[in-house]
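# Analysis of the macromolecular model
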2 protein chains.
Amino acid sequence: VFGEVLSGRVVERESQLVVGIDPDPWALWPAPSESREPPAGTHSAAARATRAVLAHCRELIDAVAPACVAVKLQLACFERLQAPGWEALRQLVDHAHGRGLLVIADGKRGDVPASALAYAQALYGGVRAAAGEVPGLGADLATVNPLLGADAIDPFLSAARAQGAGVILLVRTSNPGAADFEEATLSDGRPLWERFARLVDELGGEAVGASGLSDVGAVMGATAPAHLERARELMPRAVFLLAGVGAQGGRVEELGAAFADAPTAARRASVLVTSSRSIAGAFASTGEQPARAARAEAERLRAAAWDLSG
Amino acid sequence: VFGEVLSGRVVERESQLVVGIDPDPWALWPAPSESREPPAGTHSAAARATRAVLAHCRELIDAVAPACVAVKLQLACFERLQAPGWEALRQLVDHAHGRGLLVIADGKRGDVPASALAYAQALYGGVRAAAGEVPGLGADLATVNPLLGADAIDPFLSAARAQGAGVILLVRTSNPGAADFEEATLSDGRPLWERFARLVDELGGEAVGASGLSDVGAVMGATAPAHLERARELMPRAVFLLAGVGAQGGRVEELGAAFADAPTAARRASVLVTSSRSIAGAFASTGEQPARAARAEAERLRAAAWDLSG
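In this report, the structure presented in the accompanying data block is examined.

So, how was this worked out
Residues numbered from 1 in each chain as written. Chains lettered and ligands numbered in written order. Predicted model: local features only at pLDDT ≥ 70, side-chain atom pairs only at ≥ 80, totals over all residues. Heavy atoms only, no water. Helix = DSSP H or I, 4+ residues; strand = E, 2+ residues; numbered from the N terminus. Buried < 20%, exposed > 50% of the residue type's maximum accessible area, 1.4 Å probe, protein only. Polar contact = N/O pair within 3.5 Å; in protein donor to acceptor, adjacent residues only side chain to side chain. Contact = heavy atoms within 4.5 Å. Disulfide = S-S within 2.5 Å. Axes fitted to C-alpha atoms, helices over the stretch in contact; angles between N-to-C directions. Parallel < 35°, antiparallel > 145°, perpendicular 65-115°, else oblique. Left-handed = near helix turned anticlockwise from the far one by under 90°. Nonpolar A, V, L, I, M, F, W, Y, C, P; charged D, E, K, R; others polar.

The next point concerns the side chain of B:Gln82. In this fold, B:Gln82 is placed in helix α4 (residues 82-98). Overall, B:Gln82 belongs to the buried group, its relative accessible area being 2%. A distance of 3.0 Å separates the side chain of B:Gln82 from the backbone oxygen of A:Ala122, its partner in a polar contact. Within the local environment of B:Gln82, its side chain forms a polar contact with the backbone oxygen of A:Pro135, the two atoms lying 3.5 Å apart. Apart from residues no more than four positions distant in its own chain, B:Gln82 is found in contact with A:Trp86, A:Arg90, A:Ala122, A:Val134, A:Pro135, A:Gly136 and A:Leu137.

See the structure below:
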């Protein structure tokens, strides 16, 4: 069961930190060598840009891996590099696994059941075609948009469970616009996001292991800490992926209410804290070498979250 | 403005039909020649499967193009083929454009603003990187999930408008689970999907051309025709993409209420009808050659929709 895998990994690495990998092709770390850029003309711009992005992401992962339990790959940033970007995703999944890190495929997919199945095959275990087995990305977790309803989530859950992986539903996201619909008040007086939370609890109830954690988690915005207590009440067994720490304004110290009321290992693993730009871009404010600054910022966030859950 | 492009194309081709391209690697048309399958071992299974899928999709597009105004590429079905699948997407966009068809990138993306921008770059015009211009897929329309709110939709709209393209928001989808959340009753007594409809109308109001059609459309399930009259009332200027005709149970003849109250050209272009499996799989029930059966079914759907909007 995924909850066991996660709580084991969190305890072993003493970390709940997830480094977000969302490379901006204009804000890559300085190339360590000329090898990053092949001569123009021999490859497409997409292939050249991807090579630079891939080198940057590998360095970033290597720099922060000791402070992290997982990487979160922002699929959008790779899709804008087209086919080479998807190849880079696959390589980064392997790279992160090689460093002992779990991989969250952050694509926020959601579609009618037949298409949801295809997305699930893409992100988890792959598909058997007449031409042979086409492997999936091999993600340990994937983010899913719940708007289309339970029948559209089932294919993700089935594909995840077949791999011992998990699913994370968007419940209350970190952007300002989240208030537009996710906080719309329903006829029972409660906001819409609470209904997503109930579904997280219901679906996850089917696969709760000895740790007490389920395999259906929730994306909660660290930018709206006021919701965390209520969210935990509604989803006592779910892993929360707290997004928006750092550049988006969320602060680790305000997230205490997110942790589950559970034995230590499960309590610690009940919250994953994710940060992207504040780690990769830490060097801009400190003037240090990028990898060193990223490592220090990751270690600072790791320790803050760990202390909070002690 | 996109509304003009679309209404011109609909009138010129006398069609509102969108063929959905969502290839199942186990249900491809019989290969026309041995060229479809290179010898095993020379390429990865993903590359071999993609080659077969690509040949199938090209034949399907060629067969039905005369009856259609657009193709809808289901991104999920290509992503499960990984990087080769994304390369196939690009080739199919070019192929469809070469046949005079518009292209709808059906990915139902939705993310916080920084990530939404990256998705928009992937699907529309691309991104300028240090390594050069990385072109986007070049879609004329892309489907977007509105759950994350207006700030998450803006990047799609800006990128689309820069290319003279459009955006289609999910409003009320065609799957049974759509009832779970999209029809949740809000405190004002109205279902959630009506709030999405209001956003479609509001955002589209910024770019209405002489035809009276905006560049922000709505996905409406053809499987729930009872909603169409109310939807049109809330979104008088929007193009409706009616999904779920055929295999999912929607019938063209029941869609009359979806058309806008507008002069002929705009009324006709105010509804796009999309069908996938019932076209590609028509041969299974008729016993005809697949391309011929697909062409006949597409022509039947085209004529039915055209008659309805006359």
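Residues and elements named next belong to chain A. Considering all chains together, one arrives at zero disulfides over all chains under this definition. A disulfide-free cysteine, cysteine 57 has its sulfur positioned 8.7 Å from the sulfur of cysteine 77, the nearest such atom. Overall, the relative accessible area of 0% leaves cysteine 57 in the buried class. Just so you know, cysteine 68 is unpaired, no disulfide at all, and the nearest cysteine sulfur is the one on cysteine 57, 14 Å from it. In this structure cysteine 68 comes out as buried when scored by relative accessible area, which is 0%.

Secondary-structure assignment places A:Ser7 in helix α1 (residues 2-13). Setting aside its immediate chain neighbours within four residues, A:Ser7 contacts A:Ser211, A:Leu213, A:Ala265 and A:Ala269.

What follows deals with the packing of helix α6 (residues 150-162) of chain B against helix α8 (residues 192-204) of chain B. All names here are of chain B. Interhelical geometry of α6 versus α8 gives an angle of 40 degrees and a closest axis separation of 12 Å. In this view, α6 runs oblique relative to α8, as classed from their interaxial angle. In this structure, the crossing between α6 and α8 has a hand that is right-handed. Packed against α6, whose contacting residues are Ala150, Ile153, Asp154, Leu157 and Arg161, the element α8 presents Leu199, Leu203 and Gly204 at the interface. Among the residues making up the contact of α6 with α8, the classes are represented as five nonpolar, one polar and two charged.

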